Structures are given as structure tokens and as C-alpha cells.
Amino acid sequence: MLQASQRLDHTVTFQALEITKQARLLKESGQDIIGLGIGEPDFTAPPIVVETLQHAAQAGLSGYSPTLGLTQLRMSIADYYKQEFGAPISYEQVIITTGGSGALLLACMSLLNPGDEIIMPDPYYPANYNFILCAGATTKLIPTTAEERFQLSADKIAANWGDKTRGILIASPSNPTGTTITKEELTKIIQLVKSKGGFVILDEIYLGLSYEGTAESGLCIDPDIIVINSFSKFFNMTGWRLGWMIAPSYFVPKIENLSASLNICPPTLAQHAAISCFAPEAMEIYRARRLAFKERRDYLLVELERLKLHVPVKPEGAFYIYADISHYSNDSMDFCQRLLRETGVVVTPGLDFGPAFANNTIRISYSTGLERIKEAIARLEKFLANNYSPSLE
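Summary of the structure given here.

Attention now moves to helix α11 (residues 280-306). In this model, α11 (27 residues) spans 40 Å end to end at C-alpha, consistent with the 39 Å of a helix rising 1.5 Å per residue. If you check which residues of α11 are buried, you get A282, M283, Y286, R289, F293, R296, R297, L300, L301, E303 and L304. The elements touched by buried residues of α11 are α3 (47-58), α4 (71-85), β9 (320-324), β12 (361-365) and α13 (370-387). Just downstream of α11, K308 is the residue with a positive phi angle, here 65°.

Pasting the structure below:
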């Protein structure tokens, strides 16, 4: 038998995918399933993006691209960051990657050595733990609170910085909570980490899905941080596997050397198509869809509170709600599996997102249509009334 590496024994299981596997089997058996588990938009790429892909394929533009990505796409992303988020970056800082996951893995492999430690908040996105593990480093999870909006503070980072700590990985807006870090606190965090000679990786994958005020990139505070983003969420292109990293210009050649070996290049046809994401007609569609996500969020916040599934912090972005189920259960996995079996509604157990709130929270993704969300709420209300005491009165 093959002998697995030790890292495979320490890999964190992504429970959202496991629940989705169970849901798929139930769907194949004929049960009507409403998916509020995986963070995959029900919207797809706008027509102009699909048409651009078709034209690129017909023109035979499917060969290798430069390792860093198509120059036109890199320039489009740099312009997007300037216009939308106020970040004056050069296209030479932009590295196109195979999805946001590819960017996160590349960042970890480029910045971490075996034995290093990186600080992250709890709750957190579970795949990040595995990216760090693959780099031979370890994750130090710092429990956060609702009062802290489930985000790290400069004070907590300072209190937990150790001899092996090399940097931090944070997200704003975050998965699973949808909360953001204030500009004031993010400034303090970046200044603290830099004073210790560390690095900041900032996940901005959901920055385009910000619902309160004007979104601003962390690059406006400091151009030397590493920023991760993706075409999967705001741009509705999950399966196209395209993302990007923004890094200091001096660091880009080092990352390019590693990326050339790991990937050769990102998917070329997807890159050609993605250039059209920034066309005015496409951006108009994306902005309208952002309003649709906000409408779903606002509906769910009211309904979940009515059902006594308390939402400790209002999400300001992304398409997730991090809800407290402790009124009914202290076993998030059991709650989610029973809800799936009995009602066909898929949500993700808090077990996925770190130990601090593993047992008494669930993540609800509102990346599906409002009518289906309303049906899910109706099923959820019946489920709670039939299975748990105290009931809803």
C-alpha cells in the first residue's frame, strides 16, 4: 500500500463539501434540494464574457499564456482596483492565478518556510489551514468574538505573536461571517505586523460584494501587503478557475519563478474571456447582481431572527450569514445533517470554520435565488418546530 505523507493526516476536512456530497446523493434519488451551503453564485458569467470565450476558442487562442498572465488582463485588473477601490497599483504587481485558491497557495509557498507560524482568526476559511500546511508551516488560530466582529485586532495579534510567527492571513469581507475590518483597525494591524518584520496576506475575494458604503482595498493603506482576489464570486465564474494576487513589484519575479513550475500558466481561454468582465455592460450586470445579493441578505437577517437563529454580527459583504443555533442545538453537524435529511435544505456546520464556535453555529450561503431562499425558510421553520424544544413561541 502507498504510504501517505504526514501532512495528509493533518489536513482539515472541508465539511461544506462533505455535506454537499450527501445532498447530491439525495438529489439523485429524487429529493428536492435547496443549497445554502456552498458559496457558489447562482448567476453565471454575463453574455459578453461567454461570447469572448467562444471567439477566443474559435481563434485558437488556447496555448500557454505568460506565467504571470495576459498583459491586457493584468492591466484591466489594475484599472479595476484604481477605479473601484481607490488603490493606485501597477499592472506589473498583478499575478493571474488558477483561482483564488491558487493565489493563496502560491502566496503561502512563496512566504513561508518549514516550521514557520502564521496567525489567523477563528472563525476562518478552512482551506487556508491546508495551504499553510502544504508550505510546511503551522497555523495559530486566535479566537475572536462577536464584539470584535469576528475579526482580529492589532492588540490580539501583538499578544499572540511568537518567535516563529512570520505573518498573518486575514479576510475582509470574510468567509464565513461576511464581516469587514475597519480601515482604522486594518491600519493598526498592518503597522504592527510590519514593525515585527512580518507579512500581511489580505483576502479580498469578496471585496466587490460589499453592501455598506464604498469599499476600499487594503492596498490603499500599504502597497506592500499581499492581496488575494478571484473571478469566482463577484464575477460569477467559479468553475473557470481564475484569480489573481497583487504583490510588491520587487517580489513578483520570485513568485513568477515558482508559479512557472507549479502551473506554467493560468487557464488561457478563461483569461481572454475575463478581460470582458470589466466591460461597462458586464460591470452594469455585476452591480445589479450585487443588489440582488443584498436583498437576499436583508430578507434572511429578519427571518432568521424571527426563528430565533440569532445572527451576532450583521454581515457587510460576501454572501454568508453566520448564525447561532444554540437556542436549539449544541451540535452543528447533527443539526445540519438532520436538516438535510428531513427537509432537503443544505447549510454548513460551524465545525468547518474553527473550534471556537464549532458546535453552536452554522453558515448560510445566500448565493441562491430569493424564491428558493423563502422556501428554505419555510422548511427550516417547520423543521425547528417539529424537532426542537424550546419551540418557536
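Right, let's get into the sheet that holds strand β11 (residues 348-349). Taking strand neighbours across the sheet as the criterion, the three strands line up as β9-β12-β11 in an open arrangement whose pairing is antiparallel. Edge positions in the sheet fall to β9 and β11, since each has one partner strand and no second. Where β11 meets β12, two bridges bridge the pair, whose relative direction is antiparallel. In the strand pairing of β12, T348 is matched with R363. Of the strands in this sheet, β9 and β12 are in contact with α11, which crosses β9 at around 5°.

With that settled, consider the pattern of salt bridges. Under the defined criterion, the tally for this structure stands at 20 salt bridges. The salt bridge involving R166 is made with D116; its shortest N-O contact spans 3.3 Å. Here R166 is found in strand β5 (residues 165-171), whereas its partner D116 is found in the loop between α5 (99-111) and β3 (117-122), with 50 residues between them in sequence. Take D116: its relative accessible area is 11%, and that puts it in the buried class. A salt bridge links E375 to R379; the nearest nitrogen and oxygen atoms lie 2.9 Å apart. With a gap of four residues between them, E375 and R379 both fall in helix α13, about one helical turn apart. What makes E375 partly exposed here is its relative accessible area of 34%. The exposure class of R379 is buried, given its relative accessible area of 15%. One connected set of salt bridges, linked through shared partners, spans E212, K294, R297, D298 and K314.

Conventions used here
Per-chain numbering applies: the sequence of each chain, read as written, is numbered from 1 onward. Confidence filtering applies because this is a predicted model: local features only for residues at pLDDT of at least 70, side-chain atom pairs given and counted only at 80 or more, and all residues used for totals across whole chains, interfaces and linings. No hydrogens and no water enter the side-chain calculation; it runs on all heavy atoms of the structure. A run of DSSP states H or I qualifies as a helix once it reaches four residues; a run of E qualifies as a strand once it reaches two. Both are numbered from the N-terminal end. The length a helix should cover is 1.5 Å for every residue beyond the first. Only protein chains enter the calculation, and the probe is 1.4 Å; a residue is then buried if its accessible area is under 20% of its type maximum, exposed if over 50%, and partly exposed in between. In this description, contact between two residues means that some pair of their heavy atoms is separated by no more than 4.5 Å. Any two strands are treated as partners once DSSP identifies two or more bridges connecting them. To obtain each axis, a line is fitted to C-alpha atoms, and for helices this fit is confined to the stretch in contact; angles are then taken between N-to-C directions over 0 to 180 degrees. Criterion for a salt bridge: a side-chain nitrogen of Lys or Arg within 4 Å of a carboxyl oxygen of Asp or Glu.

Nothing here speaks to function; it is all geometry.
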